[in-house]
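# Structural overview
Each chain is listed here by its residues.
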4 protein chains.
Amino acid sequence: MAALQKSIDKRNALIEATIELVNNDGFHATPMSKIAKMANVSPATIYLYFDNKQDLVNKTYIEVKSRYTAYAFETYRETMSVEEGFEVIWKRIADFKLKEVADAMFLAQCDNTPMIDEPSRREGIKHLQPLLDLWARGKAEGIIKPISDYLLYAYSINPLSFLMLVENRGAIKIGPQELEEAFQAAWSSIKINR
Amino acid sequence: MAALQKSIDKRNALIEATIELVNNDGFHATPMSKIAKMANVSPATIYLYFDNKQDLVNKTYIEVKSRYTAYAFETYRETMSVEEGFEVIWKRIADFKLKEVADAMFLAQCDNTPMIDEPSRREGIKHLQPLLDLWARGKAEGIIKPISDYLLYAYSINPLSFLMLVENRGAIKIGPQELEEAFQAAWSSIKINR
Amino acid sequence: MAALQKSIDKRNALIEATIELVNNDGFHATPMSKIAKMANVSPATIYLYFDNKQDLVNKTYIEVKSRYTAYAFETYRETMSVEEGFEVIWKRIADFKLKEVADAMFLAQCDNTPMIDEPSRREGIKHLQPLLDLWARGKAEGIIKPISDYLLYAYSINPLSFLMLVENRGAIKIGPQELEEAFQAAWSSIKINR
Amino acid sequence: MAALQKSIDKRNALIEATIELVNNDGFHATPMSKIAKMANVSPATIYLYFDNKQDLVNKTYIEVKSRYTAYAFETYRETMSVEEGFEVIWKRIADFKLKEVADAMFLAQCDNTPMIDEPSRREGIKHLQPLLDLWARGKAEGIIKPISDYLLYAYSINPLSFLMLVENRGAIKIGPQELEEAFQAAWSSIKINR
DNA sequence: TATGAATGAGCTTTCATTCAT
DNA sequence: TATGAATGAAAGCTCATTCAT
């Protein structure tokens, strides 16, 4: 039990170190030895938990992506109306991107870079299903535009990544008002106008 | 004259090789020797045109970014109405992102990664001014929402990068219809509803 | 214990390889890879023991210089008379320079070249103090000329470096007779004539 | 004539640049391109005057060595007595080493380093003959010790190189008094005591 | 004679990975 | 399970030298 916990702790420490270092320097500029040092283990120990560097970063990606989706859907219930459901999910996602900055930046880098392999990428999207279901419901009810889910995502969810990045580079501050404006922009872009 | 042209050709070949290889493998996974080989020069020759690898990628970024903005604004005239102007610019940008795929992917990687240094990043944004001016006009005329330019960009322009990426990974095909839908989503998100 | 010994052995092998190769080819003409090969380690292993090439040569210098002074003063006792003391030290130095040829040549190159950094140079001279003390005593007793220690060194000790070099280039042979002549010349140049 | 002069000027500029740069950085740390730049010529031009880098430094050595000996013997006449002759030559050499610092440092580096090839080294000593002749005369007259010329050189001439070096590193200042003391030490070491 | 552009070879150093313990 | 020492391979970069002009 204690031994198992220690193992889990080490694995976690490695994942966290990977996130922080890759965020600062990028994947290839981050040596395994540095990750090991930050996680307080020997470089050789990494290979007890992961096959190689690519595997480490793939697994880190999947882990972070699943934290992201878990957070996104935690308060959402399928009984909610489409409008309410979307707002609940959207605000959780915004929350995550603005508060869990390290995780969010890591995902942004993974998603725009050839650093993650395809299988892991696919694994990462899996858990987005509840949002797709909500959209399907919204389309059926004539509330959401009948367009590709990718378009819906591009216009309602993805802008949050961009906003998180520029806030992080110090260009803007996203307060409650900006958040509300952002939500209105997101909703405007995908809802059907009557 | 011929000598000067040959120099320009070599510099260009290096820039193009950098774009293609960084797109495929990422910045750090692309060795200078590979760039040299693809540009048909010796590794040492790169250093006649650029100070070092960082300088090469910075200059490539600035070059690509300026191609992008030049293309974006080529058919836009300040005499156009806000609606017309935005549509013209938006469609040129969409065109660029979907046709000049290599350039667009390169920019996406640069913008989401710590691979470009700050001065070059700032240099890169400079040429976006006409769009900001148009938005200012639109806000004054009560056509565009009075919100931060970053928000406007996040919702009306940036989604195109995401769409380009997923199209490139083979997930979707952006045809004329999807483009029109995307434009409507973009415009909906930033225009004021009456 | 055995591991520690192996570490020390490797470090020593690297130091000895550095001396030999720098003697033959000079500092900059000696690649790290050649040093590694001669010490029977991988090039990367050098960097476990030394920060970089400059550090390797600095540390080698300090090591050799301290062997030199240790040898020079080993049989000297402060209870000896000035004459006896000087003769004892001088002959030990001569011994060292003529027998430990590799070490002596290495020092000659370091001392006449910008290849060692200043801090290491200063560190290297530290241990010459007993000779300076002996000279101070000699001056106080009216046996040694009251002139700068640098002058005393230039005329009584430094010529041995020159003789070692020319013997090594095959121009002369320093036998017992030449050594005695050299000692007389050294002593003549610094003692006060009555 | 003017063309010839220009050629000679370029050759000289290259020699002088070599001396200065090798003094500062050492032979191998001095790139041909830097020498070319300092001499205000193209790198390719060096190869019109010298076969390669080794040849350049060899020829520079010979040139500097011959300046040195020319200076040393300029005021000496074979009609002078041994004592007077030695003093005249010694003081000229001291003058040279303390005033033509760049030349003297360059020679010190060449003489203690494997950077000059053997033929050039031999060529360099040739012109020392008048001093050897003087010593032969001194030995015949019972004024100079009947010992190897190398020993005489080691004790009477070579110390000046050491003194020049330490003065140059800022450790001492060689004024008229120190010079006289040095001369006395030199003379003491080689003259026969009666 | 003189050049600037070009380069192949080789340098120092780093790093993902392994291995003896 | 855990490690620190070790390394082969490869990276970025430099430089003596050449070549087209």
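This is a predicted model, so every value here is computed, not measured. (Residues numbered from 1 in each chain as written. Chains lettered and ligands numbered in written order. Predicted model: local features only at pLDDT ≥ 70, side-chain atom pairs only at ≥ 80, totals over all residues. Heavy atoms only, no water.)

## Details of the overall build of chain A
In terms of regular secondary structure, chain A is built from 11 helices and zero strands. Seen in sequence order, chain A has helices and strands lined up from the N terminus as α-α-α-α-α-α-α-α-α-α-α. The principal-axis extent of the C-alpha atoms belonging to chain A is close to 60 × 40 × 30 Å. With 194 residues in all, chain A has 49% of them scored as buried. For chain A, restricting intrachain contacts to residue pairs at least 6 apart in sequence, the fraction spanning at least 24 positions comes to 70%. Total accessible area on chain A stands at roughly 8900 Å², and carbon and sulfur atoms take up 55% of it. Considering chain A, the positive charge centre built from 24 side chains and the negative charge centre built from 26 side chains are found 3 Å apart. (Helix = DSSP H or I, 4+ residues; strand = E, 2+ residues; numbered from the N terminus. Buried < 20%, exposed > 50% of the residue type's maximum accessible area, 1.4 Å probe, protein only. Contact = heavy atoms within 4.5 Å. Areas by Shrake-Rupley, 256 points an atom, 1.4 Å probe, with all protein chains shown as cover. Lys, Arg positive; Asp, Glu negative; His and termini not counted. Charge placed at Lys NZ, Arg CZ, Asp CG, Glu CD.)

## Section: the UniProt feature "DNA-binding region" (unreviewed entry) in chain A
UniProt records the feature "DNA-binding region" (unreviewed entry) at residues 31–50 of chain A, using the numbering of this structure. Secondary structure across residues 31–50 of chain A comprises 70% helix and 0% strand; the distance between its end C-alpha atoms is 15 Å. (UniProt positions renumbered as here; feature names shortened; annotations may be inferred.)

## As for the protein's contact with DNA strand E
Taken together, 28 residues surround DNA strand E, and among them A:Met32, B:Thr45, D:Ala44, D:Thr45 and D:Tyr49 come closest. Sugar and phosphate atoms represent 65% of those atoms of DNA strand E found within 4 Å of the protein. Note that a base nitrogen of DNA strand E is positioned 3.2 Å from one of the side-chain N or O atoms of B:Ser42. Residue C:Met32 places a main-chain N or O atom 2.6 Å away from a phosphate oxygen belonging to DNA strand E. Here the surface near DNA strand E is composed, by residue class, of 16 nonpolar, eight polar and four charged. (Near = heavy atom within 4 Å. Polar contact = N/O pair within 3.5 Å; in protein donor to acceptor, adjacent residues only side chain to side chain. Nonpolar A, V, L, I, M, F, W, Y, C, P; charged D, E, K, R; others polar.)

## Quick notes on the packing of helix H9 (residues 149–156) of chain C against helix H10 (residues 159–168) of chain D
Close contact between H9(C) and H10(D) brings their axes to 8 Å; oriented N to C, the two are set at 145°. In terms of crossing hand, the pair formed by H9(C) and H10(D) is right-handed. Each of C:Tyr150, C:Leu151, C:Tyr153, C:Ala154 and C:Tyr155 in H9(C) lies in contact with H10(D), whose residues at this interface are D:Pro159, D:Phe162, D:Leu163 and D:Val166. Tallied by class, residues from the contact of H9(C) with H10(D) come to nine nonpolar, no polar and no charged. (Axes fitted to C-alpha atoms, helices over the stretch in contact; angles between N-to-C directions. Left-handed = near helix turned anticlockwise from the far one by under 90°.)

## Some words on the packing of aromatic side chains
All names here are of chain A. Enumeration over the complete set of coordinates arrives at 24 aromatic pairs over all chains. In this structure an aromatic cluster arises from ring pairing among Phe86, Trp90, Phe183 and Trp187. Directly above the ring of phenylalanine 27 sits lysine 53, whose terminal nitrogen or CZ lies 4.6 Å from the centroid. Its end group placed over the ring of tyrosine 71, arginine 92 keeps NZ or CZ at 3.7 Å from the ring centre. (Phe/Tyr/Trp six-rings, centres within 6.5 Å; stacked < 30°, edge-to-face > 60°. Lys NZ or Arg CZ within 6 Å of the ring centre and 35° of its normal.)

## Observations regarding the pattern of salt bridges
All names here are of chain C. Tallying each qualifying case throughout the model produces 60 salt bridges over all chains. Its salt-bridge partner being lysine 91, residue glutamate 180 comes within 3.3 Å of it at the nearest N-O pair. Of this pair, glutamate 180 sits in helix H11 (residues 176–190) while lysine 91 sits in helix H5 (residues 82–99), and the two are 89 residues apart along the sequence. Take glutamate 180: its relative accessible area is 34%, and that puts it in the partly exposed class. (Salt bridge = Lys/Arg side-chain N within 4 Å of Asp/Glu carboxyl O.)

## Let's talk about the environment of D:Ile116
Residue and element names in this part refer to chain D. Structurally, the position occupied by isoleucine 116 is in the loop between helix H6 (101–111) and helix H7 (118–125). Isoleucine 116 gets classed as buried once you look at its relative accessible area, which sits at 5%. Discounting residues that sit within four places of it in the chain, isoleucine 116 has contacts with Gln54, Val57, Asn58, Tyr61, Cys110 and Arg121.

## Remarks on the protein's contact with DNA strand F
In the neighbourhood of DNA strand F, 28 residues make up the surrounding shell, with A:Ala44, A:Thr45, A:Tyr49, C:Thr45 and D:Met32 lying closest. Protein-proximal atoms of DNA strand F, defined as those within 4 Å of the protein, fall in sugar or phosphate at a share of 66%. Here a phosphate oxygen of DNA strand F sits 2.7 Å away from a polar atom, N or O, in the side chain of B:Tyr47. A distance of 2.7 Å separates a phosphate oxygen of DNA strand F from a polar side-chain atom of C:Lys10. When grouped by side-chain class, the residues that make up the surface near DNA strand F number 16 nonpolar, eight polar and four charged.

## Description of the relation of the copies chain D and chain C
Here chain D sits on chain C after a turn of 179° about the axis and a move of 0.0 Å along it, with an RMSD of 0.2 Å. Here the transformation between the copies is reduced to the relation of a two-fold axis. (Least-squares fit on C-alpha atoms with pLDDT ≥ 70 in both.)

## Description of the interface of chain D and chain C
Accessible area lost when the parts come together is the quantity often used to give the size of an interface. Contact with chain D, which involves 43 residues of that partner, is made by 44 residues of chain C. By the criterion of area lost to chain C, the three top residues of chain D are D:Asn112, D:Tyr150 and D:Tyr155, representing 20% of everything that side buries. There are zero salt bridges connecting chain D and chain C. Residue assignment for the side of chain D that touches chain C shows that the elements contributing at least two residues are helix H1 (2–25), H6, H7, helix H9 (149–156), H10 and helix H11 (176–190) of chain D. A total of eight residues in the side of chain D that touches chain C trace back to one element, the largest contributor, which is H11(D). Counted by class, the side of chain D that touches chain C contains 20 nonpolar, 14 polar and nine charged residues. (Buried area = accessible area lost by both parts, 1.4 Å probe.)

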